[in-house]
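Topology and contacts: notes
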Amino acid sequence: MSRIGDEHGPLMDLGQERPQVPAKARNASPIVPSGQIAGRALVAVVAIMTFLASITSGAVLLISASASEWQSEVASEITIQVKPVAGRNLERDAQAVSDAVRGQPGIVEVQPYTKEQSAQLLEPWLGTGLSLDELPVPRVIVARVTPGTTLDIVGLRARVAQFAPSASVDDHRAWVERMRSMTSAVVLAGLGILALVIIATIISVSFATRGAMAANKPIVEVLHFVGAGDRYIANRFFRHFLRLGLQGGVIGGGVAMLMFGFSESIAGWFSGTAVGDQFAALLGTFSLRPSGYLILAAQALVIAAITAAASRRTLFATLNDID
(Lines give C-alpha, C1' and ligand atoms only; values in the text may rest on other atoms or scores of the structure.)
Protein backbone atom coordinates (compact mmCIF):
# COMPACT_ATOMS: atom_id res chain seq x y z
CA MET A 1 0.00 0.00 0.00
CA SER A 2 2.83 2.33 0.87
CA ARG A 3 4.59 1.29 -2.28
CA ILE A 4 1.67 2.43 -4.35
CA GLY A 5 1.54 5.67 -2.47
CA ASP A 6 5.21 6.23 -3.07
CA GLU A 7 4.90 5.59 -6.80
CA HIS A 8 1.94 7.91 -7.37
CA GLY A 9 2.66 10.50 -4.75
CA PRO A 10 0.78 11.21 -1.54
CA LEU A 11 -3.03 10.99 -1.66
CA MET A 12 -4.92 14.08 -0.55
CA ASP A 13 -8.38 13.97 0.97
CA LEU A 14 -10.35 16.85 -0.49
CA GLY A 15 -13.24 16.35 1.88
CA GLN A 16 -16.08 18.63 0.81
CA GLU A 17 -13.92 20.51 -1.65
CA ARG A 18 -14.93 20.41 -5.34
CA PRO A 19 -13.00 21.80 -8.29
CA GLN A 20 -14.42 25.15 -9.25
CA VAL A 21 -15.09 25.74 -12.95
CA PRO A 22 -15.59 29.30 -14.23
CA ALA A 23 -19.18 30.14 -15.24
CA LYS A 24 -18.07 31.05 -18.76
CA ALA A 25 -16.52 27.59 -19.18
CA ARG A 26 -19.63 25.88 -17.85
CA ASN A 27 -21.82 27.61 -20.44
CA ALA A 28 -19.41 27.11 -23.33
CA SER A 29 -20.86 23.75 -24.39
CA PRO A 30 -24.58 23.86 -25.23
CA ILE A 31 -26.92 21.01 -24.41
CA VAL A 32 -27.77 20.55 -28.09
CA PRO A 33 -24.68 20.81 -30.34
CA SER A 34 -25.39 23.33 -33.07
CA GLY A 35 -23.33 21.51 -35.70
CA GLN A 36 -25.34 18.31 -35.76
CA ILE A 37 -26.10 16.73 -39.12
CA ALA A 38 -29.78 16.57 -38.12
CA GLY A 39 -29.70 20.32 -37.49
CA ARG A 40 -28.28 21.01 -40.95
CA ALA A 41 -30.90 18.78 -42.54
CA LEU A 42 -33.63 20.64 -40.65
CA VAL A 43 -32.28 23.99 -41.90
CA ALA A 44 -32.44 22.63 -45.45
CA VAL A 45 -35.99 21.37 -44.95
CA VAL A 46 -37.18 24.67 -43.46
CA ALA A 47 -35.44 26.59 -46.27
CA ILE A 48 -37.14 24.47 -48.93
CA MET A 49 -40.52 24.79 -47.24
CA THR A 50 -40.11 28.55 -46.86
CA PHE A 51 -39.08 28.87 -50.51
CA LEU A 52 -42.12 26.90 -51.70
CA ALA A 53 -44.42 28.91 -49.43
CA SER A 54 -42.90 32.20 -50.67
CA ILE A 55 -43.24 31.18 -54.32
CA THR A 56 -46.88 30.22 -53.73
CA SER A 57 -47.67 33.43 -51.88
CA GLY A 58 -45.87 35.55 -54.48
CA ALA A 59 -47.74 33.88 -57.34
CA VAL A 60 -51.06 34.41 -55.55
CA LEU A 61 -50.22 38.08 -54.99
CA LEU A 62 -49.25 38.55 -58.65
CA ILE A 63 -52.39 36.88 -59.97
CA SER A 64 -54.61 38.77 -57.53
CA ALA A 65 -53.09 42.11 -58.53
CA SER A 66 -53.41 41.31 -62.23
CA ALA A 67 -56.98 40.12 -61.78
CA SER A 68 -57.84 43.36 -59.97
CA GLU A 69 -56.40 45.36 -62.86
CA TRP A 70 -58.34 43.25 -65.38
CA GLN A 71 -61.57 43.73 -63.48
CA SER A 72 -61.10 47.48 -63.17
CA GLU A 73 -60.29 47.83 -66.88
CA VAL A 74 -63.11 45.60 -68.06
CA ALA A 75 -65.64 47.17 -65.69
CA SER A 76 -64.69 50.65 -66.90
CA GLU A 77 -65.86 49.93 -70.46
CA ILE A 78 -69.03 48.85 -72.20
CA THR A 79 -69.19 47.43 -75.71
CA ILE A 80 -72.02 48.08 -78.16
CA GLN A 81 -72.43 46.07 -81.34
CA VAL A 82 -74.63 47.34 -84.14
CA LYS A 83 -75.46 44.42 -86.43
CA PRO A 84 -76.31 44.97 -90.10
CA VAL A 85 -79.99 44.54 -90.92
CA ALA A 86 -81.56 44.52 -94.37
CA GLY A 87 -83.25 47.78 -95.18
CA ARG A 88 -81.26 49.86 -92.68
CA ASN A 89 -78.10 51.92 -93.13
CA LEU A 90 -75.45 50.42 -90.85
CA GLU A 91 -73.21 53.50 -90.84
CA ARG A 92 -76.12 55.80 -89.99
CA ASP A 93 -77.29 53.51 -87.15
CA ALA A 94 -73.77 53.31 -85.71
CA GLN A 95 -73.42 57.08 -85.75
CA ALA A 96 -76.84 57.57 -84.12
CA VAL A 97 -76.00 55.07 -81.37
CA SER A 98 -72.65 56.78 -80.75
CA ASP A 99 -74.35 60.16 -80.34
CA ALA A 100 -76.99 58.69 -78.04
CA VAL A 101 -74.44 56.97 -75.81
CA ARG A 102 -72.21 60.03 -75.72
CA GLY A 103 -75.00 62.02 -74.07
CA GLN A 104 -75.54 59.53 -71.25
CA PRO A 105 -74.37 60.52 -67.72
CA GLY A 106 -71.26 58.66 -66.61
CA ILE A 107 -69.89 58.20 -70.14
CA VAL A 108 -66.60 60.05 -70.61
CA GLU A 109 -65.48 58.73 -74.01
CA VAL A 110 -67.10 57.00 -76.98
CA GLN A 111 -64.99 55.38 -79.70
CA PRO A 112 -66.87 53.99 -82.73
CA TYR A 113 -64.89 51.57 -84.88
CA THR A 114 -64.94 52.06 -88.64
CA LYS A 115 -65.39 49.24 -91.15
CA GLU A 116 -61.63 48.92 -91.61
CA GLN A 117 -60.99 48.88 -87.87
CA SER A 118 -63.66 46.24 -87.37
CA ALA A 119 -62.01 44.13 -90.05
CA GLN A 120 -58.67 44.43 -88.27
CA LEU A 121 -60.25 42.99 -85.14
CA LEU A 122 -61.08 39.84 -87.12
CA GLU A 123 -57.64 39.41 -88.69
CA PRO A 124 -56.24 37.16 -85.90
CA TRP A 125 -59.00 34.64 -86.69
CA LEU A 126 -59.66 35.16 -90.42
CA GLY A 127 -56.25 36.34 -91.60
CA THR A 128 -55.39 39.27 -93.85
CA GLY A 129 -56.32 40.01 -97.43
CA LEU A 130 -59.90 38.81 -97.14
CA SER A 131 -62.86 40.77 -98.47
CA LEU A 132 -65.40 41.27 -95.72
CA ASP A 133 -67.99 43.02 -97.89
CA GLU A 134 -70.22 39.97 -98.06
CA LEU A 135 -69.91 39.14 -94.35
CA PRO A 136 -72.31 40.60 -91.78
CA VAL A 137 -69.59 42.33 -89.79
CA PRO A 138 -71.13 44.46 -87.01
CA ARG A 139 -69.90 47.90 -86.04
CA VAL A 140 -68.30 48.03 -82.61
CA ILE A 141 -68.62 51.02 -80.30
CA VAL A 142 -66.55 51.16 -77.10
CA ALA A 143 -67.66 53.57 -74.38
CA ARG A 144 -65.50 54.34 -71.34
CA VAL A 145 -67.29 54.77 -68.03
CA THR A 146 -66.27 57.12 -65.23
CA PRO A 147 -64.60 55.04 -62.47
CA GLY A 148 -66.97 54.37 -59.60
CA THR A 149 -70.07 55.19 -61.63
CA THR A 150 -72.96 52.73 -61.79
CA LEU A 151 -74.66 52.93 -65.16
CA ASP A 152 -78.33 52.24 -65.79
CA ILE A 153 -77.72 49.41 -68.26
CA VAL A 154 -81.42 48.68 -68.71
CA GLY A 155 -82.16 52.31 -69.56
CA LEU A 156 -79.11 52.49 -71.83
CA ARG A 157 -80.23 49.41 -73.76
CA ALA A 158 -83.69 50.87 -74.19
CA ARG A 159 -82.28 54.14 -75.49
CA VAL A 160 -79.90 52.39 -77.89
CA ALA A 161 -82.75 50.22 -79.20
CA GLN A 162 -84.62 53.35 -80.22
CA PHE A 163 -81.90 54.24 -82.75
CA ALA A 164 -80.80 50.72 -83.74
CA PRO A 165 -83.06 47.76 -82.94
CA SER A 166 -80.28 45.32 -83.82
CA ALA A 167 -77.78 46.83 -81.36
CA SER A 168 -76.66 44.96 -78.25
CA VAL A 169 -75.05 46.42 -75.11
CA ASP A 170 -72.51 44.36 -73.14
CA ASP A 171 -71.23 45.62 -69.78
CA HIS A 172 -68.84 42.63 -69.42
CA ARG A 173 -70.45 41.61 -66.14
CA ALA A 174 -70.10 37.93 -67.03
CA TRP A 175 -66.35 38.35 -67.63
CA VAL A 176 -65.91 40.16 -64.33
CA GLU A 177 -67.71 37.37 -62.47
CA ARG A 178 -65.53 34.77 -64.15
CA MET A 179 -62.40 36.68 -63.20
CA ARG A 180 -63.55 36.89 -59.60
CA SER A 181 -64.28 33.18 -59.53
CA MET A 182 -60.89 32.38 -61.03
CA THR A 183 -59.11 34.66 -58.56
CA SER A 184 -60.95 33.12 -55.62
CA ALA A 185 -60.04 29.63 -56.83
CA VAL A 186 -56.36 30.59 -57.15
CA VAL A 187 -56.32 32.15 -53.67
CA LEU A 188 -57.95 29.05 -52.16
CA ALA A 189 -55.46 26.79 -53.94
CA GLY A 190 -52.58 28.94 -52.65
CA LEU A 191 -53.91 28.77 -49.09
CA GLY A 192 -54.23 25.00 -49.43
CA ILE A 193 -50.61 24.70 -50.56
CA LEU A 194 -49.48 26.93 -47.69
CA ALA A 195 -51.39 24.73 -45.23
CA LEU A 196 -49.68 21.63 -46.63
CA VAL A 197 -46.28 23.30 -46.37
CA ILE A 198 -46.90 24.25 -42.74
CA ILE A 199 -48.09 20.73 -41.90
CA ALA A 200 -45.02 19.23 -43.56
CA THR A 201 -42.81 21.66 -41.63
CA ILE A 202 -44.41 20.71 -38.31
CA ILE A 203 -43.96 17.00 -39.03
CA SER A 204 -40.32 17.49 -40.03
CA VAL A 205 -39.59 19.55 -36.93
CA SER A 206 -41.29 16.99 -34.68
CA PHE A 207 -39.16 14.17 -36.04
CA ALA A 208 -36.01 16.31 -35.81
CA THR A 209 -36.83 17.23 -32.21
CA ARG A 210 -37.36 13.62 -31.20
CA GLY A 211 -34.10 12.70 -32.91
CA ALA A 212 -32.23 15.42 -31.05
CA MET A 213 -33.79 14.32 -27.77
CA ALA A 214 -32.83 10.70 -28.44
CA ALA A 215 -29.25 11.68 -29.29
CA ASN A 216 -28.96 13.78 -26.12
CA LYS A 217 -31.03 11.55 -23.84
CA PRO A 218 -28.09 10.80 -21.47
CA ILE A 219 -27.51 14.53 -21.02
CA VAL A 220 -31.21 15.15 -20.41
CA GLU A 221 -31.34 12.33 -17.84
CA VAL A 222 -28.29 13.76 -16.03
CA LEU A 223 -29.90 17.20 -15.99
CA HIS A 224 -33.05 15.67 -14.53
CA PHE A 225 -30.94 13.87 -11.95
CA VAL A 226 -29.25 17.09 -10.78
CA GLY A 227 -32.62 18.83 -10.52
CA ALA A 228 -33.05 20.68 -13.82
CA GLY A 229 -36.72 21.30 -14.63
CA ASP A 230 -38.50 20.54 -17.86
CA ARG A 231 -38.86 24.23 -18.66
CA TYR A 232 -35.10 24.80 -18.36
CA ILE A 233 -34.31 21.91 -20.72
CA ALA A 234 -37.10 22.83 -23.11
CA ASN A 235 -35.89 26.43 -23.35
CA ARG A 236 -32.45 25.24 -24.45
CA PHE A 237 -33.93 23.09 -27.19
CA PHE A 238 -36.42 25.84 -28.07
CA ARG A 239 -33.63 28.36 -28.70
CA HIS A 240 -31.75 25.79 -30.73
CA PHE A 241 -34.68 25.04 -33.06
CA LEU A 242 -35.71 28.69 -33.24
CA ARG A 243 -32.21 29.50 -34.51
CA LEU A 244 -32.43 26.69 -37.06
CA GLY A 245 -35.88 27.89 -38.16
CA LEU A 246 -34.65 31.46 -38.59
CA GLN A 247 -31.67 30.27 -40.64
CA GLY A 248 -33.90 28.18 -42.91
CA GLY A 249 -36.49 30.95 -43.18
CA VAL A 250 -33.91 33.57 -44.12
CA ILE A 251 -32.34 31.28 -46.75
CA GLY A 252 -35.62 30.15 -48.34
CA GLY A 253 -37.33 33.53 -48.14
CA GLY A 254 -34.22 35.37 -49.35
CA VAL A 255 -33.87 33.15 -52.43
CA ALA A 256 -37.56 33.63 -53.26
CA MET A 257 -37.27 37.41 -52.90
CA LEU A 258 -34.23 37.46 -55.16
CA MET A 259 -36.09 35.40 -57.74
CA PHE A 260 -39.03 37.79 -57.75
CA GLY A 261 -36.62 40.73 -57.81
CA PHE A 262 -34.88 39.46 -60.95
CA SER A 263 -38.12 38.32 -62.59
CA GLU A 264 -38.94 41.85 -63.79
CA SER A 265 -35.54 42.14 -65.48
CA ILE A 266 -35.92 38.72 -67.05
CA ALA A 267 -39.42 39.62 -68.27
CA GLY A 268 -37.94 42.77 -69.80
CA TRP A 269 -35.66 40.65 -71.99
CA PHE A 270 -38.70 39.01 -73.59
CA SER A 271 -40.63 42.24 -73.95
CA GLY A 272 -42.09 42.60 -77.43
CA THR A 273 -42.12 38.86 -78.12
CA ALA A 274 -45.21 36.66 -78.23
CA VAL A 275 -44.24 34.87 -75.02
CA GLY A 276 -43.42 38.11 -73.22
CA ASP A 277 -46.68 39.72 -74.27
CA GLN A 278 -48.69 36.72 -73.07
CA PHE A 279 -46.97 36.74 -69.68
CA ALA A 280 -47.42 40.51 -69.42
CA ALA A 281 -51.12 40.12 -70.16
CA LEU A 282 -51.42 37.34 -67.57
CA LEU A 283 -49.23 38.63 -64.73
CA GLY A 284 -48.70 42.30 -65.56
CA THR A 285 -45.13 43.45 -64.89
CA PHE A 286 -44.34 40.14 -63.12
CA SER A 287 -42.95 42.03 -60.13
CA LEU A 288 -44.12 42.22 -56.55
CA ARG A 289 -45.03 45.43 -54.84
CA PRO A 290 -43.09 46.48 -51.71
CA SER A 291 -45.97 45.19 -49.60
CA GLY A 292 -45.50 41.81 -51.25
CA TYR A 293 -41.89 41.59 -50.09
CA LEU A 294 -42.99 42.52 -46.57
CA ILE A 295 -45.52 39.69 -46.69
CA LEU A 296 -42.83 37.21 -47.77
CA ALA A 297 -40.50 38.39 -44.97
CA ALA A 298 -43.28 38.08 -42.39
CA GLN A 299 -44.12 34.64 -43.73
CA ALA A 300 -40.52 33.48 -43.25
CA LEU A 301 -40.63 34.67 -39.63
CA VAL A 302 -43.95 32.89 -39.10
CA ILE A 303 -42.51 29.62 -40.40
CA ALA A 304 -39.52 30.02 -38.06
CA ALA A 305 -41.90 30.62 -35.15
CA ILE A 306 -43.94 27.57 -36.15
CA THR A 307 -40.73 25.54 -36.22
CA ALA A 308 -39.85 26.63 -32.68
CA ALA A 309 -43.40 26.14 -31.38
CA ALA A 310 -43.63 22.65 -32.86
CA SER A 311 -40.29 21.72 -31.31
CA ARG A 312 -41.38 23.04 -27.90
CA ARG A 313 -44.59 21.02 -27.95
CA THR A 314 -42.73 17.86 -28.97
CA LEU A 315 -40.11 18.53 -26.29
CA PHE A 316 -42.60 18.58 -23.43
CA ALA A 317 -44.26 15.41 -24.72
CA THR A 318 -40.86 13.67 -24.90
CA LEU A 319 -39.83 14.91 -21.45
CA ASN A 320 -43.06 13.56 -19.99
CA ASP A 321 -42.21 10.17 -21.48
CA ILE A 322 -38.74 10.30 -19.90
CA ASP A 323 -40.27 11.15 -16.52
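Residues numbered from 1 in each chain as written. Predicted model: local features only at pLDDT ≥ 70, side-chain atom pairs only at ≥ 80, totals over all residues. Heavy atoms only, no water.

Looking at the sheet that holds strand 4 (residues 167–170)
Applied cut-off: When DSSP locates at least two bridges between a pair of strands, those strands are taken to pair. In this description a helix means any DSSP run of H or I spanning at least four residues, a strand means any run of E spanning at least two, and both kinds are numbered starting from the N terminus. Axis geometry follows a simple rule: fit a line to the C-alpha atoms, using only the stretch in contact for helices, then measure angles between N-to-C directions, giving values from 0 to 180 degrees. Throughout, a contact is declared for two residues whenever any of their heavy atoms are within 4.5 Å.
Read from one edge of the open sheet, four strands run 2-3-1-4, paired in antiparallel fashion. Two strands lie at the open edges of the sheet, namely strand 2 (107–112) and strand 4, each paired on one side alone. Within the sheet, the average angular offset between the axes of one strand and its neighbour, ignoring direction, is 20°. Pairing geometry for strand 1 (residues 77–82) and strand 4, over four bridges, is antiparallel. Across the sheet, residue Ile-80 finds its bridge partner in strand 4, namely Val-169. Running over the sheet, helix 4 (residues 90–102) touches strand 1, strand 2 and strand 3 (139–145) and is turned about 5° from strand 3. Those strands touched by helix 6 (residues 153–163) are strand 1 and strand 4, and its axis lies near 160° from that of strand 4.

Considering the side chain of Thr-183
Quick reminder of the rule: The cut-offs for exposure are 20% and 50% of the maximum accessible area for each residue type, with area from a 1.4 Å probe on protein chains only; residues under the lower value are buried, those over the upper are exposed, and the others partly exposed. Any pair of N or O atoms that falls within 3.5 Å is considered a polar contact. Within protein, one atom must be able to donate a hydrogen and the other to accept it, and sequence-neighbouring residues count only if both atoms are side-chain atoms.
Following the sequence through the fold, Thr-183 ends up in helix 7 (residues 173–215). For Thr-183, a relative accessible area of 14% corresponds to the buried category. Among the polar contacts listed, one links the side chain of Thr-183 to the backbone oxygen of Met-179, at a separation of 2.8 Å. Not counting chain neighbours up to four residues away, the residues in contact with Thr-183 comprise Ser-64, Ala-67 and Gln-71.

Considering the pattern of salt bridges
Definition in use: Here, a salt bridge means any Lys or Arg side-chain nitrogen found within 4 Å of an Asp or Glu carboxyl oxygen.
Considering all chains together, one arrives at five salt bridges under this definition. Residues Glu-91 and Arg-139 are paired through a salt bridge, measuring 2.6 Å at the closest nitrogen-oxygen approach. Residue Glu-91 is located in helix 4, and its partner Arg-139 is located in strand 3; the two are separated by 48 residues in the primary sequence. For Glu-91, a relative accessible area of 43% translates into the label partly exposed.

Some thoughts on the side chain of Ser-57
Following the sequence through the fold, Ser-57 ends up in helix 3 (residues 37–75). Apart from residues no more than four positions distant in its own chain, Ser-57 is found in contact with Leu-194, Leu-296 and Gln-299.

Thoughts on the confidence of the model for the protein
The cut-off we apply is this: Across the chain, each position has a pLDDT score giving the predictor's confidence in that residue, from 0 to 100.
Of the residues in the protein, 78% reach a pLDDT of 70 or more, and the chain-wide mean stands at 76. A low-confidence stretch, residues 1–29 stays under pLDDT 50, and its non-local contacts, those more than four residues away or across chains, total two contacts.

A look at the packing of helix 4 against helix 6
We count it as follows: Each crossing is labelled by how the near helix is turned from the far one, with a counterclockwise turn of less than a right angle marking it left-handed and a clockwise turn marking it right-handed. Classification convention: Asp, Glu, Lys, Arg as charged; Ala, Val, Leu, Ile, Met, Phe, Trp, Tyr, Cys, Pro as nonpolar; all other residues, Gly among them, as polar.
One can describe the packing of helix 4 onto helix 6 by two numbers: an axis separation of 9 Å at closest approach and a directional angle of 145°. When the axes of helix 4 and helix 6 are compared, the crossing they make is right-handed. Here helix 4 contributes Asp-93, Ala-96, Val-97, Ala-100 and Val-101 to the contact with helix 6, which in turn contributes Leu-156, Arg-159, Val-160 and Phe-163. Counted by class, the contact of helix 4 with helix 6 contains seven nonpolar, no polar and two charged residues.

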